[in-house]
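Geometric and topological summary
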Amino acid sequence: MTKSIIAGAVGLAAISAITFGAGVAQAKDSITIAVPSFLTGGAAGPFGIPAMNGAKMVADAINKGALPAPYNTKGFGGAVASIIELDEGGGGTKQVAEYRNLVEKRNVDAVVGYISSGNCQALAPVVEELKQFTIFATCGTPRIFEEAPRKYLFRTMGHATADNVAAAMYVKEKFPNLSSYTGINQNYAWGQDSWRDFDLTMKQIMPGATASDKFQFPKVFVGQYGSEISALSLDKAELVHSSFWGGDLESFIFQSSARGLFKNKIGVMTVGGTAAYRLGKKLPNGLIIGARGPYGILVKDRDTPLNKWFIETYKNIYGIYPSGPAYQYGQAILAAKIAYDKAGSDATDEQLADALRGITFESFSTTIEMSLGGGHQAVTENGYGVTKYDDENGENVVTDVKFYPGSCVMPPEGVESVQWINGGMKGAKC
Amino acid sequence: METFLTILLDGLQFSSYLFIVSAGLTIIFGVMKILNVCHGSFYAWGAYTAAFFIGKFSDMGLPDALGFLIIIAAAIVVGVVLGLIIEQGILKHMYHRDEVLIVLATFGLFLVLEDIILIAFGTDPYFAYQPMALLESVEMGGVIRDVYGLTLIGVATFVAVGCWLLLNKTKWGVILKAVIFDREMGISMGINVPFVYTLTFIGGAILGGLGGAYIAPTISVAPGLGTEVIVLSFAVVVVGGMGSIAGAAIGSLIIGLLRALAVHELPQVELFVVFAVMAIVLVFRPEGLFAPAKPRKI
């Protein structure tokens, strides 16, 4: 009898241990977040390094519980995050291999980053295949969430359509009598999508302005634009649109300034904000610049505790004001914290995705609504301003800054960007 | 007429840039039969060295005109130092090996030198606009042009004439041609071929460095600079004929002018035109337009 009781008790204990052991996971003390960004190549200095700096600064502050309220709790769901810094260079094929390695061999808990639209486009199906909680921080192509539904993948900033629709709206307000425009954009997904969205929007909202048939598509990272600048100079178009970024943007600004291109033409640079702090007096006055959303120089004077903390901390650590990519990576890391805080540090990828899907949160410089792509694609305001060198303080500033609500410059849920623009941007709430 | 003049000047300017960087590549191949992939690194190191010192001198308040001296000095220092180290330290020990192995070695060196750039100069781009700003702009054919860009045509002409004089009017030229024509025969005639190789490699490296140093004031000098240029240089050398200075000049002119024409008249094909020219030449004249005649050994 005693033997039977002991055997029964042991059996019960064993069953309980198995049942509860499987059902209740231990909260983690630490997690690993992989952060890919351009650490080499022409995009590193103006884009990749500020982005990585923003990510590291925010992750470090979260680990210490040093972010302003309401994010002043320690850690990611209480866990300390260690950041794995990765170079995004080398192209889509290499990045897919690196991503598989991160997930399958290094067992990272989350992946947060990516700048290149080409890389994001290549990675999106792999993220879903591997069921890994991933946040794209900066890349711009709208196709990521328009071509297929995503479960594990998020993007915490607006896409290229917002940049270019907002640019066209700003142009319409500033130059209502504009008669013609042209463009110079890099010859790959980002440049082509950007020009397409700007051109289509201009056709809708300024039908009296005609597009030049000599718009330029130089090879990405080519760095030499002598012939293109001549062609743009000879073109009768009054305005030049460009989505150049990184070293290409800075080289183009040097070469076009020396040749007085923007003395006679209006320049619209959708990513010009990344060059504003770096080029100083070499950036021409009067350029219309964006920052791919409410970031960098456009929000330097935005007086919220989160933004003040971001600017002051970044300037103290890195000695320069934060540009757009720093904000974009910083807010993507913040989104990861929000997901972990909600789901717990021991959460599965599904639980983390559920925690982030469709939410609205305050980021450092703006409100982010995860309202497109089934709650996976962020909608934010988007804005532009005009460059001016402030002689007194020895730095560039922007004047005439105007922001457009996300609901004004991005398509509603379920509608593709091109369809939306071509259909007259129905439902836009400006 | 306005457009024609602009296309001509754009084409000449781009051709000049192509010629300066590809001349060194073709000289090294012509004499040493080495397809030097790390030529792109000479270009990048030239650009970085010039940009670094132009920036430093400017910060120190020294006259911007010194930038021109720095460009020349950077090209010479980079060419001599890197050229000597690479030729004496590595390539010299591989001359008896298969040509493919040497190409792989130069490719490896290219990757190593790119990484050393990152260690030495960091990832932040360097700006060295001072020499370009000093020369201001002029209006030509209805287009404002920076004079600095136009001087590139003069520099390329100087390099081309210099190479021609060296090869055709000096004793050194005779020696070089003898080595190009038949290395063994050159040795038997008492030519110090290893020494000729070393000088040739340094000369080619100086030209690569000059290309980078001269372009530095017009661009954002950033990591990865050498990759793009090596692709273009190969296209030029293939079109003109491997090892031919005249070929490099003609190849540069063809590619530069056609590219400028495409940018102005049919921008959609600009990307394609450089490599289309290369493909067409390869189909009809695989050795290139001006490949030096090869002696038939019996």
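Here the structure is a predicted model, which means the values were calculated and not measured. (Residues numbered from 1 in each chain as written. Chains lettered and ligands numbered in written order. Predicted model: local features only at pLDDT ≥ 70, side-chain atom pairs only at ≥ 80, totals over all residues.)

**A word on the interface of chain A and chain B**
In this assembly, 35 residues from chain A lie in contact with 34 residues from chain B. A total of 7 residues in the side of chain A that touches chain B trace back to one element, the largest contributor, which is helix α8 (residues 226–234) of chain A. Partitioned by chemical class, the residues of the side of chain A that touches chain B number 13 nonpolar, 16 polar and 6 charged. (Contact = placed C-beta atoms within 7 Å. Helix = DSSP H or I, 4+ residues; strand = E, 2+ residues; numbered from the N terminus. Nonpolar A, V, L, I, M, F, W, Y, C, P; charged D, E, K, R; others polar.)

**Observations regarding the domain arrangement of chain A**
Residues and elements named next belong to chain A. When cut into domains, chain A gives domain 1 (30–159 + 302–379) and domain 2 (161–301 + 381–422). Taken over C-alpha atoms, the centre of domain 1 sits 26 Å from the centre of domain 2. On the side of domain 2, 36 residues touch domain 1, which itself brings 32 residues to the contact. Counting residues per element, the ones that place at least two in the side of domain 1 that touches domain 2 are α2 (44–64), α4 (117–130), α12 (305–318), α13 (324–343) and β12 (367–372). Here the element with the most residues in the side of domain 1 that touches domain 2 is α13; it accounts for 4 residues. Of the residues in the side of domain 1 that touches domain 2, the class split is 13 nonpolar, 15 polar and 4 charged. (Domains from an automatic or database assignment.)

**Thoughts on the packing of helix α6 (residues 147–169) of chain B against helix α7 (residues 171–181) of chain B**
All names here are of chain B. Where α6 meets α7, the closest approach of the two axes is 5 Å, and the angle between their N-to-C directions is 80°. By the angle between their directions, the pair α6 and α7 is classed as roughly perpendicular. Along the contact surface, α6 presents Leu166, Leu167, Asn168 and Lys169, while α7 presents Trp172, Gly173, Leu176 and Lys177. Broken down by class, the residue content of the contact of α6 with α7 amounts to 4 nonpolar, 2 polar and 2 charged. (Axes fitted to C-alpha atoms, helices over the stretch in contact; angles between N-to-C directions. Parallel < 35°, antiparallel > 145°, perpendicular 65-115°, else oblique.)

**Details of the confidence of the model for chain B**
Residue and element names in this part refer to chain B. For chain B, the average pLDDT comes to 92, and 98% of its residues sit at 70 or higher. Mean pLDDT across the elements of chain B ranges from a minimum in helix α8 (residues 183–188), with 88, to a maximum in helix α3 (residues 66–89), with 97. Here the complex is predicted with pTM 0.86, and the ipTM for its interfaces comes to 0.87. (pLDDT = per-residue confidence, 0-100.)

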